[in-house]
Amino acid sequence: MPEGALLELRGITKRFPGVLANDNVSFELRAGEVHALLGENGAGKSTLMNILYGLYTPDEGEIFLHGRPIDLGSTRAAIEHGIGMVHQHFMLIPVMTVAENIVLATEPRRAGVLMDYDAARRRVRELSERYGLLVDPDARIDRTSVGQQQRVEILKALYRGAEILILDEPTAVLTPQEAKELFEIIRSLTGQGKSIIFISHKLNEVLEVADRVTTLRRGVVVDTIDAEGATEEGLARMMVGREVLLRVDKKPSQPEGALLQVEHLSVVDDRGLEMVRDVSFEVRAGEILGVAGVDANGQSELIDAIAGLRHVSAGRIVVDGRDMTNADAKDTLDAGIGHIPEDRHRRGLVLPFSLTENLALHAYRHAPNSRRGLLNPRVMTARARKLLSEFDVRGGAPATPAFALSGGNQQKVVLAREIDGDPKVLIAAQPTRGLDVGAIEFVHRRLVEQRDAGRAVLLVSLELEEILSLSDRILVIYEGRIVGEFPPSATEEELGLAMTGGRAAA
Amino acid sequence: MTDELSAEEAIEPPPPDGIPQPQQHFRSRFGGLKGAIAPLLTTILAFFMGGLVVLLTGKNPIRVYKAVWDGTGLNWFVHVGHHSARVPFGTAHMWFPWDTASIAAQNLQQTLLVTTPIILTGLAVAFAFRCGMFNIGGQGQYFAGTIFAVWFGSSFNGMAPLLHVLLCLVVGTIAGAVWAGIAGILKATVGAHEVISTIMLNWIAIWVGSYLFGQGGPLQNSAQKSIPISNDIFDGAKLPVFWGLKLLQGLSIGIFIALAMLVVYWIVINRTTLGFEVRAVGFNPEAARYGGVSVARNYFLAMAISGAFAGLAGAVDITGWEYRIGQNDIQLGGSSGIGFIGLAAALLGRNTTLGVGFASLLFGALINGTSGRQLDPSIFRPDLAGNLTTIIQGLVILFVGLNLGGVWVWLKRRRRA
Amino acid sequence: MNAVAARLGGIGWTHPRTIGILGIVLGALAFWLALPPLASRTAALPVAIGILAVAAGIWTFSRDERRVGGGAIAAGLLGIAFGVLATRSSSTHLDEVVVWSALGAATLRYATPLIYAAIGGLFCERSGVINVALEGMLLTGAFFGIWGAIWAQSWAGSAAWLVGVGSAALAGMVLATVHAIWAIHLKVDQIISGFALNFLALGITGYLFIDKYGDTGTPGDVPGIPDVHIHFLQNWYFVGPIIGQLNLMIWLSFVLLVGTYILVFRTPFGLRLRAVGEHPRAADTVGISVYKVRYVAVIASGAIAAMGGAYLSIGFVHSFNEGMTNGTGFIGLAALVFGKWRPFPTWGATLLFGFSSALADRLPNAYGNQWGTLFQALPYLLTLVAVAGVIGRSIGPAAAGRPYEKQ
Ligand SMILES: Nc1ncnc2c1ncn2[C@@H]1O[C@H](COP(=O)(O)OP(=O)(O)O)[C@@H](O)[C@H]1O
Ligand SMILES: [Mg+2]
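All residue numbers refer to positions counted from 1 along the written sequence of the respective chain. By the order in which they are written, chains take letters starting at A while ligands take numbers starting at 1. In keeping with the model being predicted, local features are shown solely for residues with a pLDDT of at least 70 and side-chain atom pairs are shown and tallied solely at 80 or more, while totals for entire chains, interfaces and linings include all residues. Side-chain measures were taken over the full set of non-hydrogen atoms in the model, leaving aside hydrogen atoms and water.

## A short note on a negative patch on the surface
Residues and elements named next belong to chain A.
Working step 1: Patch definition: residues above 30% relative accessible area lacking any salt bridge, with like charges linked at up to 9 Å and the nonpolar side chains Val, Leu, Ile, Met, Phe, Trp and Tyr linked at up to 5 Å. Here the Shrake-Rupley method, with its probe set to 1.4 Å, supplies the accessible areas, and only the displayed protein chains count as covering residues. When a carboxyl oxygen of Asp or Glu is within 4 Å of a side-chain nitrogen of Lys or Arg, the pair counts as a salt bridge. Positive residues here are Lys and Arg, negative ones are Asp and Glu, while His and the chain termini are left out of the count. All charge positions are set by atom: Lys at NZ, Arg at CZ, Asp at CG, Glu at CD. Taken together, the side chains of Glu232, Glu233, Glu463 and Glu465 present a region of like negative charge at the surface.
Working step 2: Topologically, Glu233 is positioned in helix α8 (residues 232–240).
Working step 3: A 1.4 Å probe rolled over the protein chains alone gives each residue an accessible area, and that area as a share of the maximum for its type sets the label: buried under 20%, exposed over 50%, partly exposed in between. Accessibility expressed as a relative area gives 49% for Glu233, which makes it partly exposed. Here a strand is any run of E in DSSP of at least two residues, a helix any run of H or I of at least four, and the numbering for each starts at the N terminus.

What follows is the structure, given as structure tokens:
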């Protein structure tokens, strides 16, 4: 491994209102290495990298390239210094083509003023062949897969001459198999002399791909160590600061009668594409059924259909013996469905509403919260106060607006509302997305409690680890079909294979 | 950046079509007295800049504003003495600190007459805002109300007075609700943006009204066929005047209707399940839908209720003091007019009950003070003054949306850079 | 009714959308039959065909093609209404009104302010800034156009109109700059700031108009924008009378249209403009200055829209009046949305709305003033129908209306 620092960040501090995102962080990247930046959600990894990419200005600290201090006041400056970044959320324009996205802002020209689309295509092809990143230059981004989008992002950076490549949680959206391919690409890039900063909170990946690992915890660097010789347990302790239970402990389930039955269900999305195809399953009282799958394989449409938010084109949905096919959302909720939506900001909460109002988002229409159309604020507030303490929501009184809470506490509010509605079936869609370990444990415990209380829990998640540790049975969804059922003892590899359409023994 | 990005998206869900929903600025940012500071600053700034325009065109803004002030009748409150006043709804008199028959009193009556419909059209705008919609069609809905009030008021001669006036108010209200409801239905079913559809409905109402009361139109007056004006409504369809003389356009009890509606607005928005749903949809339609609220139904209802306020404004104007309507009145209302002033009043009042009330009084006074009847033409031409009102209205809307704190931060950041 | 539709279906046109479009065509036919040169004198024909159109619409609607179906129903109803109205008017008058070539020329005249407004709006909204201030920009352009021309008359002579157009564009840019600062830096709701500017424009132009020309109105001998006479064209059948003698600004609008297309879809600037309007953060991460692009786009939008206003006052009606735009800017905005933020479809939409204005203008000749007043509502009604029928489907730049927060 080549020696000597290519890039050095010294004493970086960045404050956001109310948060110290980076606290005197120092970080060093050597030429040709893969340096992993490890830390749980909210540790400050993205912030640090955004500073390096010129998107944020640090409050304190300096950056050195080849030992000379550089000023990264803008992304343009970063690009000129050979720094490229693939963001956690892709920075691609959905309605434009791959080639347009790649050349944007450094477009090849014809006659001085016109776009030279042929040259753009040609250069994209050249690059993609050179690095083995196959893409179709003329495909529109919104018609390409997530894996391809990631390749486009990498090409975008390479097209701009990046020597240092930052990959912010690149595997979060990939299946285990796709992640393997990405690791190959990373190796071939370092083989061609690029240096890579690889951000993740997944320990096994870090150990697999990185040469060195720097761990961040609450904005502070814990340590930088060589990947060789490090263990998952050791890294986990560094990351979280205490022993963590990698598995949720729970009793074996004792399922009873089916509370949710889905029969030959087909659902189309807004574009008219069939996203759920002939899906059948049931969830019994006292079990957690996990649905695993790569993003956008019909999970959202499936959940929306069950929750009465999307029209069903064929099939039946039965909740506790009642046919709820194509019932509206209100009736579905009243029939005993609780729903923790996948995006708490967009769907789970009305952010400017107070916690009282958010907690009453379903119950406002029933006595005693309202009678004959008139609200009873006193009852609503009392109920909110009770729930907030029951679910240990910190940092908010009943009158606090929801946007003032942290992500974990916001999710607790959603959880409180849905569980308090005393549902027969609880749908949990990515219930721990973006939460820190403490909040994740809390949510997991509550879900298992609900199972033990005799409810049917339908868990849909992109995180295989979560599916494996919580579910009593596991279904894999691929292109809108259920392609396999697995016991919780299945391995990530088995599930991953099924998730990409490879037939697995069920 | 990631957490923050998703938060930003959540607060501003992508619009269903090119034009987005009115955003969070509509939320009253401050409560209580503090909330009045920003609107007050806004008003002062707007008057100051309006004064600059007057100054630049070679007139004396202080004299102009003084003349406008005198015309508003607000100076009536300053002159305290020993006087007597009629007891409302009776013939008895009682002691009163102000002279109820002075010129200033008459001016004030008129200011309040103008304030009445502004409160109502202001509420119309505010109600739609709370559901995340921008109802620019207050003017058209107001005309729908006037047209029906005039029509019913000038029919049914000999009907019981109380019944007749009630009938006029009710049909006017319904007409406004229906007219706005069209935009509501279009938004709810096909997602047509309410800004464009309500503007178009304004113009359609204007031309239909012009046709109805124009020469040879079906509702033109029966006496003089050369004058494009409606029949007068019958006496039974007129609201009682409780202060001043009916002939001199004294103050009718319409002002109490408007004040009552302020209370109704507050109750509906804050204390009913309907208001809860409307606010939820206004802030985050997606989350409301997940909570089992029918977004389409609320778009329609909110728009219809909003239109009902504006329609009532028209009906109150007709039954309260106008008693008839001319083609001219309608055609002048295309781009300035009571409906549009309601927009300014709602924005300045930050959609709160008290805010809308006070802002309406401000604009009512401004309009009355600059009207041809009140303003001395030797000081300032009333038609100039009318445009000055529009300028001030524009400036108020321009500055009221400003988060003054945001400007401060921006200026500070710039100075540092 | 359904039997007819079913039979049509039997021939193989089973797709509901086809039937729906057929319904829309039938609706238009119902009206057209009653106009010269065919000028059917019996109301039965338009009614029958209109009913067919409505039937097709209902059938389509029930097959879940709601938009096309609704369009066909509306077209059928309007076709019946106008068809019957046309048969009621006196035939000779109708011949005068519906001279297709004259209508064509009038359509272009009415469409021109719309296209300037819409193209202005296109730049602004493609960059992610909503522009409901087009109305005010047109009005500003109209006033300062005539003001500049009058002011320059003494020293610039017949070229004074150039000064007029220039001052209009300048005034439009000033107005647009306010919108830009408010929308981009101060992050005020763009609809609110747009409306504020509409009122400001209305008030300021009205104030200055009264102050300067209040007693007599604008002078009658304002130097106007010249017409372009193309002599060899003027004798051509049909097209001659339409384009043989058009105002310079109309020709310029064609250039503007093509230029806009090339600029927005064929140049690096256009790519960046669209990127900023779709996903500003993505544009920012590759080093594009989101604010700079937006400022350029918004200010250009003001200049272009104001030039449309100048056409209105010194190219078309040769005078100014308070609030003379009467919602034209909003119709232009609707045309932009109707045209899905693309130059040529938008142009098509302005022609449609322009045609309805031309019709509204000429129809009173056939029906007398009283009905004519009612016809003035036609362009607005058509816009409303268009908004209901198509615009809901039309998805604009993804970031439109959202202020961009630089980090
Ligand atoms: N733009 C921002 N404004 C305010 N707070 C922010 C912003 N970006 C990140 N944060 C906060 O800073 C902390 C670190 O965030 P981030 O760097 O995204 O963490 P990571 O990438 O490690 O998950 C979090 O508490 C987050 O909420
Ligand atoms: Mg991150």
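So much for the structure itself; the text now carries on.
## Focus on the interface of chain A and chain C
It is common to give the size of an interface as the accessible area lost on bringing the parts into contact.
Working step 1: Note on contacts: a residue pair qualifies if any of its non-hydrogen atoms lie within 4.5 Å across the two residues. With 25 residues of chain A in contact, the opposing surface of chain C contributes 20 residues.
Working step 2: The quantity reported as buried area is the accessible area (1.4 Å probe) lost by two parts once they are put together, taken as the sum for both. Both sides of the chain A and chain C interface together cover about 2000 Å² of buried area, and 66% of this is carbon and sulfur.
Working step 3: Between the two partners, chain A and chain C, sit 1 salt bridge.
Working step 4: Across the pair Arg272(C) and Glu107(A) runs a salt bridge whose closest N-O atoms are separated by 2.6 Å.
Working step 5: Pairs of N or O atoms are called polar contacts if they sit within 3.5 Å, as long as, within protein, a hydrogen donor faces a hydrogen acceptor (for residues adjacent in sequence, only side-chain-to-side-chain pairs). Summed over the shared surface of chain A and chain C, the result is 7 residue pairs in polar contact (both at pLDDT 80 or more).
Working step 6: Sort the elements by how many residues they give to the side of chain A that touches chain C and helix α2 (residues 75–80) of chain A lands first, with 3 residues.
Working step 7: Polar here means any residue outside two lists: the nonpolar Ala, Val, Leu, Ile, Met, Phe, Trp, Tyr, Cys and Pro, and the charged Asp, Glu, Lys and Arg; Gly therefore counts as polar. Residue classes in the side of chain A that touches chain C are distributed as 16 nonpolar, 3 polar and 6 charged.

## Considerations on the sheet that holds strand β22 (residues 456–461) of chain A
Residue and element names in this part refer to chain A.
Working step 1: Strand order in the open sheet formed by 6 strands is β18-β21-β22-β15-β23-β24, and the pairing between neighbours is mixed. What marks the edges here is a single partner per strand, and that holds for β18 (337–340) and β24 (481–486). Geometrically, the sheet is characterised by an average inter-axis angle of 20 degrees between neighbouring strands, direction not taken into account.
Working step 2: Direction of pairing for β18 relative to strand β21 (residues 425–429): parallel, over a ladder of 4 bridges. From the neighbouring strand, His339 faces β21, where its bridge partner is Ile427.
Working step 3: Axis geometry follows a simple rule: fit a line to the C-alpha atoms, using only the stretch in contact for helices, then measure angles between N-to-C directions, giving values from 0 to 180 degrees. Across the sheet, helix α14 (residues 407–420) lies against β18 and β21, angled at about 175 degrees from β18, the strand it touches most.
Working step 4: Against the sheet, helix α17 (residues 492–499) touches β15 (287–292), β23 (473–478) and β24, its axis set at about 30 degrees to β23. Here, any two strands with at least 2 DSSP bridges between them count as paired.

## Notes on the coordination of the magnesium ion (ligand 2)
Working step 1: Within the protein, the atoms that donate to the magnesium ion (ligand 2) are Ser46(A) (OG) and Gln88(A) (OE1), at distances of 2.1 to 2.5 Å. In this pair, Ser46(A) is assigned in helix α1 (residues 45–52) and Gln88(A) in the loop between β6 (83–86) and α3 (98–103), connecting sequence segments 42 residues apart. Listed donors are limited to N, O and S atoms within 2.8 Å of the metal, widened to 3.2 Å for Na, K and Ca; water is not among them, so incomplete-looking sites are possible.

## Digging into empty space enclosed by the protein
Over the atoms a probe the size of a water molecule is rolled, and this reveals where empty space is left.
Working step 1: In this analysis the probe radius is 1.4 Å and the grid spacing 1 Å, with only protein atoms considered; a cavity is a set of points the probe fits into but cannot get out of, a pocket is an open set with protein on both sides within 12 Å along at least five of seven lines, and lining residues have an atom within 4 Å of a point. Grid points are joined across faces, edges and corners, and a volume is the space filled by probe spheres set on the points. Applying the stated criterion across every chain yields a total of 12 cavities of 30 Å³ or more.
Working step 2: There is about 160 Å³ of room inside the largest cavity.
Working step 3: In terms of lining residues, the largest cavity is bounded by 15 residues, among which Ser335(B), Phe340(B), Glu135(C), Asn198(C) and Phe330(C) are the most central.
Working step 4: Put simply, the parts of the chain that give the lining of the largest cavity at least two residues each are α7 (194–213) of chain B together with α7 (134–156) and α9 (190–213) of chain C.
Working step 5: Here the element with the most residues in the lining of the largest cavity is α9(C); it accounts for 4 residues.
Working step 6: Partitioned by chemical class, the residues of the lining of the largest cavity number 8 nonpolar, 6 polar and 1 charged.
Working step 7: Taken as a whole, the second largest cavity spans an internal volume of roughly 120 Å³.
Working step 8: Lining the second largest cavity are 14 residues; nearest its centre among them are Tyr53(A), Gly84(A), Met85(A), Ala157(A) and Arg160(A).

## As for the domain arrangement of chain A
Working step 1: Where each domain starts and ends comes from a domain assignment, either automatic or drawn from a database. Splitting chain A by domain gives domain 1 (5–240), domain 2 (247–336 + 423–506) and domain 3 (346–422).
Working step 2: Using only C-alpha atoms to locate each centre, domain 1 of chain A and domain 3 of chain A end up separated by 39 Å.

## With respect to unusual backbone geometry
Excluding glycine, residues mostly have negative phi values, and the peptide bonds linking residues are mostly trans.
Working step 1: In this model, Ala367(A) is joined to Pro368(A) through a cis peptide bond whose omega is 0 degrees.
Working step 2: Its location among the elements puts Pro368(A) in the loop between α12 (355–359) and β19 (370–371).
Working step 3: Phi angles above zero are rare outside glycine, and Tyr323(B) is one such case at about 65 degrees.
Working step 4: Checked against the element boundaries, Tyr323(B) lands in the loop between α11 (295–322) and α12 (327–332).
Working step 5: When its relative accessible area of 9% is taken as the criterion, Tyr323(B) is described as buried.
Working step 6: The phi dihedral of Arg350(B) is positive, around 50 degrees, even though this residue is not glycine.
Working step 7: The topology assignment puts Arg350(B) in the loop between α13 (338–348) and α14 (353–369).

## Considering the pattern of salt bridges
Residues and elements named next belong to chain A.
Working step 1: With the rule as written, the count across this model stands at 43 salt bridges over all chains.
Working step 2: Of the charged contacts in the structure, one is a salt bridge between Glu418 and Arg417, with a shortest N-O distance of 3.1 Å. Assigned by exposure class, Glu418 and Arg417 land together as buried.
Working step 3: The network of salt bridges with shared partners includes Lys250, Lys251, Arg451, Asp452 and Asp472.

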